[in-house]
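Given next are the chains, with one letter for each unit.
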Amino acid sequence: MTISAKDRLAVNLAGIKMKNPVMPASGCFGFGREYAQFYDLNKLGAVAVKATTVEERQGNPTPRVAETPGGMLNAIGLQNPGLDDVMAYELPWLGKFDQLPVIVNVAGTVTDDYIKVAERVSEAPNVAGIELNISCPNVKCGGITFGTDPKIAGQLTEEIKKVSKVPVFVKLSPNVTDVVAIAKAVETAGADGLSMINTLLGMRIDLKTRRPILANGTGGLSGPAIKPVAIRMIYEVSQQVKIPIIGMGGIQSADDVIEFFMAGASAVAVGTANFVDPLICPTIIDELETRLDQYGVQTIGELTGAGWKR
Amino acid sequence: MNKGVLNVISNLSIAERIFRLEVEGELVGCMTQPGQFVHVKCGTGIDPLLRRPISICDVDIERRRMTMIYRAEGHGTHVLSQYVPGQPLDILGPLGEGFPIEGRKAGEHVLLVGGGIGVPPLYYLGKELKKRGVRVTFVIGFGTASQVFLEQELAELGAVHIVTIDGTAGVKGLVTDVLTEAYGLAMSEWDALYSCGPLPMLRALQDTYQAAGKEGYISLEQRMGCGIGACLACVCSVQEPGEGKKYRKICSDGPVFAFGEVQLV
């Protein structure tokens, strides 16, 4: 009996039914409007939209991006239109895509901010999940300060679990000594899944001005350059927790997706590659089945953790 | 907005570190608005990773050919300068909102002011304005004589005033030194100004002529990520925040803005 193409790529991510395992990563896709000019967003397994905060945020001064070999540094600073606007315009607009589960990335300065945003966005009809952003390296308050201490990360997760009506994924930072400890803490606190990894803190200096290129000084490194770090961290964490992982960090191809699954991911997010090729997500989705054939695999789901399972 | 593979026709050095790149392909058919740009993948690998935004200098819609002029300044443009005829080039575009010319009337006199690598988009703009019967005058500034380019091509469209900082070609000084009565370019002599070039130049023009109530447009550049408005890398602030958004994206709301729309900091 052959398995239909549909079922070969389908995954169940903590209860979220995805027709394929590929979603654009938060912060790399806005709220989808720009990319909808290139393809039908229903094609995606899901979408993780831009970090949302209670109030509108203007973000950091420019330059906000700098390139590195195989990667890019960004310090956007969580610019977003704020909770009211996201509820009134962005989420209803995404509602036009009736086969597209939406995961909202939730950010804030203090715990109450996270609670406010999580509670309201989780009530929107097309929101299937929340991604708790405790790992943004580019804001002075909040963000990563919640993500570097297992106890604080656990406490925030617990608070969000109380108010969220949808599964909660916690987005972990690689800028920690022991990522497993943070992962275990948020699992114990009730997290339904993990997103890993966020960007690695970095810097570039302009040789002419002798100053950091980014106006913010430091920025988050993303792109193919960080893929081995992501693979290693997912490989380590997935053996220590039972909750599913959305893998991300430099994915550019169907082969990369398969590698993330083997490391222990149950779905993937594509970030920086969207900037290089706006059509990259549908391209990867189209390539996946052929690659499964090539590796003699029936379903993508059976590859989760294949890199360490004995 | 679309993505396509264009074929390199020629890629030649025309001044110090300045290259003229001509490409051909179907995508060119939609490049009808002067002042737009294309986002170019330089090389096929991951270094450089991001595309490079490059202005459209000239378009031949019939022959599906487009010309870009760029300065080989960093890694990406150095890679681009190695392209040879026949090689495919991955291009996203045309992108952004270009120079508004719909309201221009025959007989008007319009100033096109460019600095350095900001000069190229003024060629396509000048060509389109001339088609509408508008009289165009170019004021273009460079560092030194060896960096001057497009002088002859622009001269076919209108009067050209060259300015160099060291005085090795044309008038010594800055473009603003030529925008005076002595050169017949006092404020009363022209109807609108279009400009592209370094930020201090654009700021000087906006500060002077916005205050005087003149109509003018400036084209900005910034380090970009996606080039289509999604990543929010290239934003700038509006001058007077109203009801709407307090910022503009240079890639998709611009790169061209009217005097007074955005802060130049």
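On a predicted model such as this, the values are computed, not experimentally measured, just so you know.

Criteria and thresholds
Residues numbered from 1 in each chain as written. Chains lettered and ligands numbered in written order. Predicted model: local features only at pLDDT ≥ 70, side-chain atom pairs only at ≥ 80, totals over all residues. Domains from an automatic or database assignment. Contact = placed C-beta atoms within 7 Å. Helix = DSSP H or I, 4+ residues; strand = E, 2+ residues; numbered from the N terminus. Nonpolar A, V, L, I, M, F, W, Y, C, P; charged D, E, K, R; others polar. UniProt positions renumbered as here; feature names shortened; annotations may be inferred. Buried ≥ 20, exposed ≤ 12 C-beta atoms within 10 Å, placed from the backbone. Pairing = 2+ DSSP bridges. Axes fitted to C-alpha atoms, helices over the stretch in contact; angles between N-to-C directions. Right-handed = clockwise from strand over helix to strand, strands pointing away. Core = buried A, V, L, I, M, F, W, Y, C linked by C-beta atoms within 7 Å. Parallel < 35°, antiparallel > 145°, perpendicular 65-115°, else oblique. Left-handed = near helix turned anticlockwise from the far one by under 90°.

Enquirer: Would you explain the domain arrangement of chain B in this entry?
Expert: The parts lose accessible area when they come together, and the size of an interface is often stated as this lost area. Residue and element names in this part refer to chain B. What the domain assignment reports for chain B is domain 1 (2-95), domain 2 (109-219) and domain 3 (221-265). Using C-alpha coordinates to define each centre, domain 2 is positioned 23 Å away from domain 3. Domain 2 puts 10 residues into the contact, and the matching count from domain 3 is seven residues. If one sorts the elements of the side of domain 2 that touches domain 3 by residue count, helix H4 (residues 199-211) sits on top with six residues. Considering only residue class, the side of domain 2 that touches domain 3 consists of five nonpolar, four polar and one charged.

Enquirer: I would appreciate a short explanation of the UniProt feature "binding site: FMN" (unreviewed entry) in chain A in the present structure.
Expert: Here the UniProt-annotated "binding site: FMN" (unreviewed entry) positions come out as Ser 26, Lys 50, Ala 51, Asn 105, Asn 133, Lys 171, Ile 197, Gly 223, Gly 249, Gly 250, Gly 271 and Thr 272 of chain A. Assignment of secondary structure puts Lys 50 of chain A in strand E4 (residues 47-52). Lys 50 of chain A has contacts with Ser 26, Gly 27, Gly 30, Phe 31, Asn 80 and Asn 105 of chain A, leaving out every residue within four places of it along the chain. Look at Gly 223 of chain A and you get buried, because 28 C-beta atoms sit within 10 Å. Setting aside residues up to four positions removed in sequence, Gly 223 of chain A forms contacts with Gly 70, Gly 71, Met 72, Gly 250 and Thr 272 of chain A together with Leu 49 of chain B.

Enquirer: Honestly, the UniProt feature "binding site: [2Fe-2S] cluster" (unreviewed entry) in chain B in this entry has me stumped. Any pointers?
Expert: Mapped onto this numbering, the UniProt entry annotates "binding site: [2Fe-2S] cluster" (unreviewed entry) at Cys 226, Cys 231, Cys 234 and Cys 251 of chain B. These residues run over 26 residues, yet every pair of their C-alpha atoms falls within 10.1 Å of each other. Within the secondary structure layout, Cys 226 of chain B lies in the loop between strand E13 (215-219) and strand E14 (235-237). You can call Cys 226 of chain B buried: it has 29 C-beta atoms within 10 Å. Beyond its immediate stretch of four places on either side in the chain, Cys 226 of chain B contacts Asn 274 and Phe 275 of chain A together with Cys 231 of chain B. Secondary-structure assignment places Cys 234 of chain B in the loop between E13 and E14.

Enquirer: For this particular structure, what's the right way to read unusual backbone geometry?
Expert: Most of the time, phi is negative for any residue but glycine, and the peptide bond is trans. With omega at 0 degrees, the peptide bond leading from Thr 62 of chain A into Pro 63 of chain A counts as cis. Secondary-structure assignment places Pro 63 of chain A in the loop between E4 and strand E5 (65-68). Here the residue pair Met 196 of chain A and Ile 197 of chain A is connected by a cis peptide bond, since its omega of 15 degrees sits within 30 degrees of zero. Within the element layout of this structure, Ile 197 of chain A appears in the loop between strand E10 (193-196) and strand E11 (200-202). Even without being a glycine, Leu 150 of chain B presents a positive backbone phi close to 70 degrees. Structurally, Leu 150 of chain B is set in the loop between strand E9 (135-142) and helix H3 (151-155). For Leu 150 of chain B, a count of 22 C-beta atoms within 10 Å puts it in the buried group. The backbone phi angle of Leu 232 of chain B is positive, close to 65 degrees, even though this residue is not glycine. By the element assignment, Leu 232 of chain B lies in the loop between E13 and E14. In this structure Leu 232 of chain B comes out as buried when scored by C-beta crowding, with 25 C-beta atoms within 10 Å.

Enquirer: Would you explain helix H2 (residues 121-131) of chain B in this entry?
Expert: Each α-helix winds once per 3.6 residues, and so residues spaced three or four apart point in a common direction. Across the 11 residues that make up H2 of chain B, a large majority, eight, are buried. With its phi angle positive at about 80 degrees, Gly 133 of chain B sits one or two positions after the end of H2 of chain B.

Enquirer: Explanation requested: the interface of chain B and chain A in the structure shown.
Expert: Listed as interface residues are 23 residues of chain B and, on the opposing side, 28 residues of chain A. When the residues that make up the side of chain B that touches chain A are grouped by side-chain class, the tally is 14 nonpolar, three polar and six charged.

Enquirer: What is the right way to read the UniProt feature "binding site: substrate" (unreviewed entry) in chain A from this model?
Expert: Residues and elements named next belong to chain A. The feature "binding site: substrate" (unreviewed entry), as annotated in UniProt, sits at Lys 50, Asn 74, Ala 75, Ile 76, Gly 77, Leu 78, Asn 133, Asn 198 and Thr 199 in this numbering. Looking at Ala 75, the number of C-beta atoms within 10 Å reads 29, which means it is buried. Ignoring anything within four residues of it in the chain, the contact list for Ala 75 reads Asn 60, Arg 64, Asn 138, Leu 214, Asn 216, Thr 218 and Gly 219. Looking at the element boundaries, Asn 198 is found in the loop between E10 and E11. Asn 198 gets classed as buried once you count the C-beta atoms within 10 Å, which come to 29.

Enquirer: What should I look at first to understand the sheet that holds strand E8 (residues 109-115) of chain B in this one?
Expert: In a beta sheet, neighbouring strands pair by backbone hydrogen bonds and run either parallel or antiparallel. Residues and elements named next belong to chain B. As summarised here, the arrangement of the seven strands in space is E11-E10-E9-E8-E12-E13-E16, forming an open sheet in which the pairing is mixed. Edge positions in the sheet fall to strand E11 (171-172) and strand E16 (256-258), since each has one partner strand and no second. Judged from the two bridges that link them, strand E10 (residues 159-164) and E11 form a sheet pairing that is parallel. Counted as the bridge partner of Thr 164 is Lys 172 from E11. Across the face of the sheet, H4 comes into contact with E8, strand E12 (192-196) and E13 while running at roughly 165 degrees to E13.

Enquirer: What is the right way to look at the environment of Glu 16 of chain B in this model?
Expert: All names here are of chain B. Tracing the sequence through the fold places Glu 16 in the loop between strand E1 (2-15) and strand E2 (18-24). Judged by C-beta crowding, with 15 C-beta atoms within 10 Å, Glu 16 ranks as partly exposed. Remark: the alpha-carbon pair of Glu 16 and Gly 229, spanning 213 residues in sequence, is separated by 33 Å. Discounting chain neighbours no more than four positions away, the residues touching Glu 16 are Ser 146 and Gln 147.

Enquirer: What is the right way to look at the pairing of strand E8 (residues 127-133) of chain A in this model?
Expert: In the case of a regular strand, side chains alternate between the two sheet surfaces. All names here are of chain A. With seven of seven residues buried, E8 lies mostly within the body of the structure. Bridge analysis of strand E7 (residues 102-106) against E8 gives five bridges, and the strand direction is parallel. Of the residues in E8, the one forming a bridge with Ile 103 is Gly 129. For the handedness criterion, the β-α-β arrangement of E7, helix H3 (residues 111-121) and E8 is classed as right-handed. Where E8 lies against strand E9 (residues 168-171), four bridges are found, and the strand directions are parallel. What sits directly across from Asn 133, in E9, is Lys 171.

Enquirer: Is there a simple way to explain the nonpolar core in this structure?
Expert: When a protein is soluble and globular, its nonpolar side chains tend to lie buried together. Residues and elements named next belong to chain A. With 190 residues, the main nonpolar core has Val 47 and Val 268 as its most contacted residues. Ranked by residues supplied to this core, first place goes to helix H7 (residues 254-263) with seven residues. Discounting residues that sit within four places of it in the chain, Val 47 has contacts with Met 23, Pro 24, Phe 29, Gly 32, Leu 41, Leu 100, Val 102 and Ile 103.

Enquirer: I tried to follow the packing of helix H2 (residues 83-94) of chain A against H3 of chain A on my own but got confused; where do I start?
Expert: Residue and element names in this part refer to chain A. As a packed pair, H2 and H3 sit with axes 10 Å apart at the nearest point and diverge in direction by 15 degrees. Taken together, H2 and H3 sit at an angle that is classed as roughly parallel. The way H2 lies across H3 gives a crossing that is right-handed. Each of Leu 83, Val 86 and Met 87 in H2 lies in contact with H3, whose residues at this interface are Lys 116, Val 117, Arg 120 and Val 121.

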